[in-house]
Amino acid sequence: MWLLRRLRDMIVRMAGRLFSLTLLAGGLLLTTACSPPPKEHVSEQFLMDTLVTVKVYGDDPAALQQASAAAFAEMRRIADLADRFPSPGSPACAASDICRINTQAGGEPVTVKPETLEMLTLARRYHRESHGAFAVTIGPVMDLWGFAGETPHLPPPQQLTAALALVDDNRIDIDTAARRVRLTQAGMKLDLGAIAKGYAVERAAAVLRRHGVTNALIDAGGNIRVIGTTPRRQPWRIGVKDPRHGEALIAVVQINDGSAVTSGDYHRYFEADGVRWHHIIDPKTGYPARQARSATVITGDSTVADILSTACFILPPERALSLATSSGAELLLITADGRILHTPGLDERSEIVAGADYRYDHGR
Ligand code: AMP
Ligand code: MG
């Protein structure tokens, strides 16, 4: 009898425990289903010549605000480090590694921050992989076109030839161990316009993650980096603009934790004699690249996406597609003759919404 009672008590206790475990699990599910959606914190600043938006999601507004402020501070720090335009001798030039390297061209090496070294090392790698299409020594040619100023214009051909002679990424001496950089000839100039924004955005994403942010979007004038999924646990849907029709879209691409960056002939350009002269220069000719209207690269790292979008914009379409593939990235290319091409990986992840102005044959 005593034994039976003990057995019955044990069974009741075990059942109770099982029941409470189920309840706990049920309670958790219930909490998730009913919990309010995470709060959104949006902030904007004008940085790197563009409007930068940071959207972060979470439960603690003060923490979100702090994380966003730290992300902006990091972007500003990288932008200042890579700024080539301060006047020589100014405090802003002293604070910019790129300004100091350019001022010292043909002279003594300059000690730089690890971040500058990282950008230049990546630039050198993709200079090789793009067979010279990507060239951060493009500075003297950019200056002649005047795209950084108010009145860009066609440069005189002789001056262009002279400036092109100074474009050669193999003449950037990088001493990685000593963190010293030198341009071998006076007049050479680094221009990180095709990489610094992507790098700044990637660093800002790392800052957000360090602050515990698990869902976020950074948009630096179309240079997009997302962390995690949307707050509703869906992939982010990123619109790719029609390069000829303002706000119309040509495609919608889904990304989960990664980056999408577009280089286009519609960002900075002027028209003369019925020709569109834009700011992405083929280092082989000194003139704007002619094969594409836009190149959108989707990959994990925003620095690589920024570099590749510029390189793929310049290269002939077939070579652009193979560079993206060999770099583990996806590419959506709008060619100069109105074709929409993309890497096979985008079959599943993109919707093409282009109108009759474009030819689309499954991306091929
Ligand atoms: P993005 O909009 O990222 O394609 O970058 C365009 C900017 O990159 C230009 O405004 C220049 O500052 C710079 N740039 C132009 N042509 C080249 C090139 N061939 N290689 C590297 N940077 C370039
Ligand atoms: Mg770029």
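Above this text sits the structure in question.
My aim in this report is to walk through the structure given alongside it, one point at a time. (Residues numbered from 1 in each chain as written. Chains lettered and ligands numbered in written order. Predicted model: local features only at pLDDT ≥ 70, side-chain atom pairs only at ≥ 80, totals over all residues. Heavy atoms only, no water.)

**So, the site of ligand 1**
And step 1. Near ligand 1 lie 17 residues; those nearest to it are A135, S263, H279, I281 and T310.
And step 2. D191 has a polar side-chain atom sitting 2.9 Å from an oxygen atom of ligand 1.
And step 3. Taking D306, its side chain carries an N or O atom lying 3.0 Å from an oxygen atom of ligand 1.
And step 4. Protein burial of ligand 1: of its 500 Å² of free accessible surface, 93% is covered by the chains.
And step 5. The greatest single-element share of the shell around ligand 1, amounting to 3 residues, is contributed by helix α9 (residues 302-314). (Near = heavy atom within 4 Å. Polar contact = N/O pair within 3.5 Å; in protein donor to acceptor, adjacent residues only side chain to side chain. Areas by Shrake-Rupley, 256 points an atom, 1.4 Å probe, with all protein chains shown as cover. Helix = DSSP H or I, 4+ residues; strand = E, 2+ residues; numbered from the N terminus.)

**Remarks on the environment of A70**
And step 1. With respect to the secondary-structure elements, A70 resides in helix α2 (residues 61-82).
And step 2. Look at A70 and you get partly exposed, because its relative accessible area is 24%.
And step 3. When the C-alpha positions of A70 and V207 are compared, they lie 6.9 Å apart, and in sequence the two are 137 residues distant.
And step 4. A70 has contacts with V207 and H211, leaving out every residue within four places of it along the chain. (Buried < 20%, exposed > 50% of the residue type's maximum accessible area, 1.4 Å probe, protein only. Contact = heavy atoms within 4.5 Å.)

**Comments concerning helix α8 (residues 196-210)**
And step 1. Here α8 spans 21 Å end to end across 15 residues, near enough to the 21 Å set by a 1.5 Å rise per residue.
And step 2. All of the buried residues along α8 are A196, G198, Y199, A200, V201, E202, A204, A205, V207 and L208.
And step 3. Looking at the buried side of α8, the elements it contacts are β2 (50-58), α2, α5 (114-129), β6 (216-220), β7 (223-227) and α9.
And step 4. Just downstream of α8, G212 is the residue with a positive phi angle, here 85°. (Expected span 1.5 Å × (residues − 1).)

**Describing the packing of aromatic side chains**
And step 1. Taken as a whole and judged by the stated rule, the model has 7 aromatic pairs.
And step 2. Between F147 and F270, the aromatic rings sit 5.9 Å apart at their centres with planes inclined by 35°, giving tilted as the arrangement. Of this pair, F147 sits in the loop between α6 (139-145) and α7 (157-164) while F270 sits in strand β11 (residues 269-272); the two residues are 123 residues apart in sequence, bridging distant segments of the chain. The pair F147 / F270 is uniform in exposure class, with both members buried.
And step 3. Geometrically, the ring pair formed by W277 and Y287 is tilted, given 6.2 Å between the ring centres and 50° between the ring planes. One end of the pair, W277, is in strand β12 (residues 275-278); the other, Y287, is in the loop between β12 and β13 (292-299), with 10 residues separating them in the sequence.
And step 4. Since its relative accessible area comes to 14%, W277 is described here as buried.
And step 5. Exposure remark for Y287: the relative accessible area of 28% places this residue in the partly exposed category.
And step 6. Ring-pair connections join several aromatic residues into one group, and the members of that group are W145, F147, F270, W277 and Y287.
And step 7. Taking the ring centre of Y269 as reference, the NZ or CZ of R276 above it sits at 4.1 Å.
And step 8. Here the basic side chain of R290 rests over the ring of W277, its NZ or CZ set 5.3 Å away from the ring centre. (Phe/Tyr/Trp six-rings, centres within 6.5 Å; stacked < 30°, edge-to-face > 60°. Lys NZ or Arg CZ within 6 Å of the ring centre and 35° of its normal.)

Bear in mind that shape data such as this cannot, by itself, settle questions of function.
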